[in-house]
Amino acid sequence: MNFIKKHIDTIVIVFLMGFLISDFVTSIVFKLAPKSFYRYSGALKLVFETIMVGMIIANFKKPFRTFWFIVVLTISFIISQFLLNDATYDFKAQISSGNIYFFNRYLYVLIFILFVKTVALKEETYHKIFNYFEYFLYINAIALFIGYAFHVEIFRSYEYTTRFGVSGFFSKPGEASYMYMIAIIANYYFWKLNNDKKNLYKLLFFIVCSLFLGQKKILLFLILLSILHLIHYNRFKKVFRILLPMALVVFIFFNETIIKAIVKKSVFWTQIYEESGLVSTIFSYRDQLLVTAVKHIEENWKFLNYIFGGIDFNEYKVEFEFIDLYIFLGLAGIAYYIYVVSSYLNGGNFLKRNLVIIAFITSLLSGGLILNVTVAILLYIVVKYIMLPNK
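Residues numbered from 1 in each chain as written. Predicted model: local features only at pLDDT ≥ 70, side-chain atom pairs only at ≥ 80, totals over all residues. Heavy atoms only, no water.

> I keep staring at the environment of Ile-146 and nothing clicks. Help me out?
Inspection of the secondary structure puts Ile-146 in helix α7 (residues 123-150). Here the alpha-carbon distance between Ile-146 and Tyr-326, two residues 180 residues apart in the chain, equals 41 Å. Other than its neighbours up to four places away in sequence, Ile-146 contacts His-151, Val-152 and Phe-155. (Helix = DSSP H or I, 4+ residues; strand = E, 2+ residues; numbered from the N terminus. Contact = heavy atoms within 4.5 Å.)

> Can you walk me through the packing of aromatic side chains in this structure?
In this description, a pair of aromatic rings is defined by centroid distance and the angle of the planes. Following the criterion strictly, the structure yields 42 aromatic pairs and no others. Here the aromatic rings of Tyr-106 and Phe-328 are separated by 6.2 Å at their centres, their planes lie at 40°, and the arrangement is tilted. In this pair, Tyr-106 is assigned in helix α6 (residues 99-118) and Phe-328 in helix α17 (residues 321-329), connecting sequence segments 222 residues apart. Taken as a pair, Tyr-106 and Phe-328 share a single burial class, namely buried. Seen from their ring centres, Tyr-126 and Tyr-385 are 3.9 Å apart, and the 0° between their planes marks the pair as stacked. One end of the pair, Tyr-126, is in helix α7; the other, Tyr-385, is in helix α20 (residues 373-386), and 259 residues separate them in sequence. For Tyr-126, a relative accessible area of 4% puts it in the buried group. Here Tyr-385 falls in the partly exposed class, since its relative accessible area comes to 23%. Aromatic ring contacts, followed pair by pair, group Phe-15, Phe-19, Phe-48, Phe-112, Phe-115, Tyr-126, Phe-322, Tyr-337, Tyr-344, Phe-360, Tyr-380 and Tyr-385 into a single cluster. One residue, Arg-39, lies across the ring of Tyr-101, its end atom 5.2 Å from the ring centre. (Phe/Tyr/Trp six-rings, centres within 6.5 Å; stacked < 30°, edge-to-face > 60°. Buried < 20%, exposed > 50% of the residue type's maximum accessible area, 1.4 Å probe, protein only. Lys NZ or Arg CZ within 6 Å of the ring centre and 35° of its normal.)

> I would appreciate a short explanation of a nonpolar patch on the surface in the present structure.
The grouping of Leu-248, Val-249, Val-250, Phe-251, Ile-252, Phe-253, Phe-254, Ile-258 and Ile-262 at the surface amounts to a nonpolar patch, some 870 Å² of accessible area in total. By secondary structure assignment, the location of Ile-262 is in helix α11 (residues 237-263). Overall, the relative accessible area of 47% leaves Ile-262 in the partly exposed class. (Patch = residues over 30% accessible without salt bridge, like charges linked within 9 Å, V, L, I, M, F, W, Y side chains within 5 Å. Areas by Shrake-Rupley, 256 points an atom, 1.4 Å probe, with all protein chains shown as cover. Salt bridge = Lys/Arg side-chain N within 4 Å of Asp/Glu carboxyl O.)

> Got a minute to help me understand the environment of Phe-170 in this structure?
With respect to the helices and strands, the residue Phe-170 is situated in the loop between α7 and α8 (173-194). If we skip the residues at most four places from it in the chain, Phe-170 touches Leu-20, Asp-23, Phe-136, Leu-137, Asn-140, Glu-175, Ala-176, Met-179 and Tyr-180.

> Help me out: how do you make sense of the side chain of Asn-99 in this one?
Note that Asn-99 resides in helix α6. A distance of 2.9 Å separates a polar atom in the side chain of Asn-99 from the backbone nitrogen of Phe-313. If we ignore the near neighbours within four places in the chain, the residues touching Asn-99 are Phe-77, Gln-81, Leu-84, Gln-94, Ile-311, Asp-312, Phe-313 and Phe-328. (Polar contact = N/O pair within 3.5 Å; in protein donor to acceptor, adjacent residues only side chain to side chain.)

> What should I look at first to understand the pattern of salt bridges in this one?
Where charged atoms from two side chains of opposite charge approach closely, those side chains can pair. All chains considered together, the criterion is met by five salt bridges. For Glu-124, the salt bridge goes to Lys-128, with nearest N and O atoms at 3.5 Å. Of this pair, Glu-124 and Lys-128 both sit in helix α7, separated by four residues, roughly a single helical turn. For Glu-124, a relative accessible area of 44% translates into the label partly exposed. Residue Glu-153 pairs with Arg-156 through a salt bridge whose shortest N-O separation is 3.1 Å.

> Is there a simple way to think about the packing of α8 against helix α19 (residues 350-366) in this case?
Pairs of packed helices are described in terms of their axes, by the angle between the two and the distance that separates them. One can describe the packing of α8 onto α19 by two numbers: an axis separation of 10 Å at closest approach and a directional angle of 160°. Comparing the axis directions of α8 and α19 gives the class roughly antiparallel. In this structure, α8 crosses over α19, and the sense of that crossing is right-handed. Contact with α8, carried on its side by Tyr-178, Met-181, Ile-185, Tyr-188, Tyr-189 and Lys-192, involves Leu-351, Lys-352, Leu-355, Ala-359, Thr-362, Ser-363 and Ser-366 of α19 and no other residues of that element. Class assignment for the residues of the contact of α8 with α19 results in eight nonpolar, three polar and two charged. (Axes fitted to C-alpha atoms, helices over the stretch in contact; angles between N-to-C directions. Parallel < 35°, antiparallel > 145°, perpendicular 65-115°, else oblique. Left-handed = near helix turned anticlockwise from the far one by under 90°. Nonpolar A, V, L, I, M, F, W, Y, C, P; charged D, E, K, R; others polar.)

> I tried to follow α6 on my own but got confused; where do I start?
Quick reminder: α-helices carry 3.6 residues per turn. Residues three or four places apart thus point the same way. Its 20 residues place the ends of α6 28 Å apart at the C-alpha level, agreeing with the 28 Å of an ideal helix rising 1.5 Å per residue. Of all the bends in α6, the greatest, near 35°, is centred on Leu-107. Among the 20 residues of α6, 15 are classified as buried, and the element is accordingly described as predominantly covered. (Expected span 1.5 Å × (residues − 1). Bend = angle between axes of the 7 residues up to and from the residue.)

> Sorry if this is basic, but what is going on with unusual backbone geometry here?
Across residues other than glycine, the phi torsion is negative in most instances, and most of the peptide bonds are trans. Even without being a glycine, His-151 presents a positive backbone phi close to 55°. Tracing the chain through its elements places His-151 in the loop between α7 and α8. We classify His-151 as exposed; its relative accessible area is 58%. Unusually for a residue other than glycine, Glu-319 sits at a positive phi of about 75°. Mapped onto the elements, Glu-319 comes out in the loop between α16 (313-316) and α17. By relative accessible area, which is 32% here, Glu-319 ends up partly exposed.

> When you look at the nonpolar core in this model, what are you seeing that I'm missing?
Nonpolar side chains tend to gather and get buried jointly when the protein is soluble and globular. By size, the foremost hydrophobic cluster in this structure holds 114 residues, and its most contacted members are Phe-115, Tyr-336 and Leu-355. If one sorts the elements of this core by residue count, α8 sits on top with 14 residues. Ignoring sequence-local partners within four residues, the contact set of Leu-355 consists of Ile-185, Tyr-188, Tyr-189, Leu-225, Leu-228 and Met-387. Counting residues in hydrophobic clusters, the runner-up holds five residues, among them Ile-259, Val-263, Trp-269 and Tyr-273. (Core = buried A, V, L, I, M, F, W, Y, C linked by side-chain atoms within 4.5 Å.)

> Would you explain the environment of Trp-68 in this entry?
Here Trp-68 shows up in helix α4 (residues 65-82). For Trp-68, a relative accessible area of 48% corresponds to the partly exposed category. For the pair formed by Trp-68 and Ile-311, sequence separation is 243 residues and the distance between their alpha carbons is 24 Å.

Worth remembering: the numbers are spatial, not functional.
Written out as structure tokens, the structure is:
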């Protein structure tokens, strides 16, 4: 433990960068040899989680609020599992890929927050993590170009389909979207704060890269960012504060026509629209997942479930972040969401808070921000330790 404590900064950097690399390795191994062991990324995260817990115990001085929140959340989760009334509850399967596995993924960011509160990392450690993270995105841009230009399936977001999108070294296009959102948020922040052209060029570069991902969540995020820029950080903001409400009124009256026109630009989206309708096209079938989850709740939930939640997360998750947390963890899930979001918002200025808010608004409609361990940790580091007024 003394060795770990002495080299903790290096260990944190190595593991967090390892998360990015191992995710790609996991994806490759799974595609080439699906029957062999391929969960290298998960194994690496588990080792790092063990180190964090060990360091928290070794350096624990006073029970931070985060500690008690983790305790209460865990108790609530245990109760929700008893409420499943599942006679075939397989504890081993639940740990490897079931409810316990998903609960641990939600818990991970809280453990990391408690870890950095307990163990004081050097300021330069956070900056090294962010710099290496940006280097990884630069390298990934090469993979994006290769995947797009030469149709290399392994770099595409949706392999062997007609759907547009390349994600490079990221195995999940949703994860790639949030990674580029983090880079866009940080560089937009420093561009507006310091009026630095270098950050503006980096911002534009990451925006262009993000558009190659083929994700609707990126389009939503960029629209929200554009609105924020036009009404708060633009020379003609007073004019746009008048024009944007007018544009909103036009959209409300002609939304279906406008959305249909956009959908028609994509063969893939057109197919979904013709088969399942406009709502399923916009939300990528999440509306149908919601209907399935609601039906299950109506047929199986009792009074205590509405307090503590209780579903098979693999089978009934909706991928609307807030809804998933409620049906999985009940009222504790709502408290968890509020606690995590407030942890990102606390101590921020007006610009930073707005940037964080549009990221979470995006995740409300697409999910995966808090549930993705690497994304949640990197966003926390960037917001709390990189995006500072004096930087």
